[in-house]
Amino acid sequence: MRAFPSTKNEWIALALFPFKAYVVIVLPFYFLFNTFYPQPLTIYLGKNATTWNQTAEEFLGFFVLCGPLLILGFIIQLFAKDEKSAIRTLMFAIVPFSFFCFFLFIGMVQHML
């Protein structure tokens with residue numbers, strides 16, 4: 001049993017582990033937190049101004065950033081000839097990357113209006 005990775009592929013997988021763990025943990029934790037401390041996702045400030053719920057910003061903000069980072073990790077693993085790990089990383093990246101695209105689309109629509 002080794003304490004540290006020995007190959008390049010193992011180091012790449014170790015670098016991606018925190019992002020994969022966050023993707024798995026954050027959504028159930030956020031919904032559990034929201035069950036016991038309910039708040040709306042957006043808060044109306046008046047005069048047609050809204051702001052994001054602070055809890056949603058903290059939990060889901062980094063979740064959205066995990067998508068492009070895991071896609072980048074997928075590409076790196078694909079070029080490093082570790083196809084099995086690359087496909088596994090892609091599976092972790094699908095949900096946060098779709099959230100990233102959704103929020104990017106919403107931001108673009110808000111600026112166009």
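Draft legend 1. Summary view of a nonpolar patch on the surface. A cluster of nonpolar side chains, namely Val24, Ile25, Phe29, Phe33 and Tyr37, defines an oily patch on the protein surface of about 490 Å² accessible area. Turning to its location among the elements, Tyr37 is positioned in the loop between helix H1 (8–36) and strand S1 (42–46).

Draft legend 2. Local environment of the packing of aromatic side chains. Inspection of the entire model under this criterion finds two aromatic pairs. Both rings, one in Tyr22 and one in Phe62, keep their centres 4.9 Å apart while their planes meet at 80°; by these two values the pair is edge-to-face. Taken as a pair, Tyr22 in helix H1 and Phe62 in helix H2 (residues 54–79) lie far apart in primary sequence, 40 residues in all. In this structure Tyr22 comes out as partly exposed when scored by relative accessible area, which is 22%. For Phe62, a relative accessible area of 35% translates into the label partly exposed.

Draft legend 3. Structural context of the environment of Ala21. The topology assignment puts Ala21 in helix H1. As a C-alpha pair, Ala21 and Phe92 span 71 residues in sequence and 9.2 Å in three-dimensional space.

Draft legend 4. Broad picture of the side chain of Gln77. Here Gln77 lies in helix H2. For Gln77, a relative accessible area of 1% corresponds to the buried category. Within the structure, Gln77 has its side chain in polar contact with the backbone nitrogen of Ala86 (distance 3.4 Å). Here Gln77 is in contact with Ile12, Ala13, Leu16, Asp82, Ser85, Ala86 and Thr89, once residues within four sequence places are set aside.

What counts, and at which threshold
- Residues numbered from 1 in each chain as written.
- Predicted model: local features only at pLDDT ≥ 70, side-chain atom pairs only at ≥ 80, totals over all residues.
- Heavy atoms only, no water.
- Patch = residues over 30% accessible without salt bridge, like charges linked within 9 Å, V, L, I, M, F, W, Y side chains within 5 Å.
- Areas by Shrake-Rupley, 256 points an atom, 1.4 Å probe, with all protein chains shown as cover.
- Salt bridge = Lys/Arg side-chain N within 4 Å of Asp/Glu carboxyl O.
- Helix = DSSP H or I, 4+ residues; strand = E, 2+ residues; numbered from the N terminus.
- Phe/Tyr/Trp six-rings, centres within 6.5 Å; stacked < 30°, edge-to-face > 60°.
- Buried < 20%, exposed > 50% of the residue type's maximum accessible area, 1.4 Å probe, protein only.
- Polar contact = N/O pair within 3.5 Å; in protein donor to acceptor, adjacent residues only side chain to side chain.
- Contact = heavy atoms within 4.5 Å.

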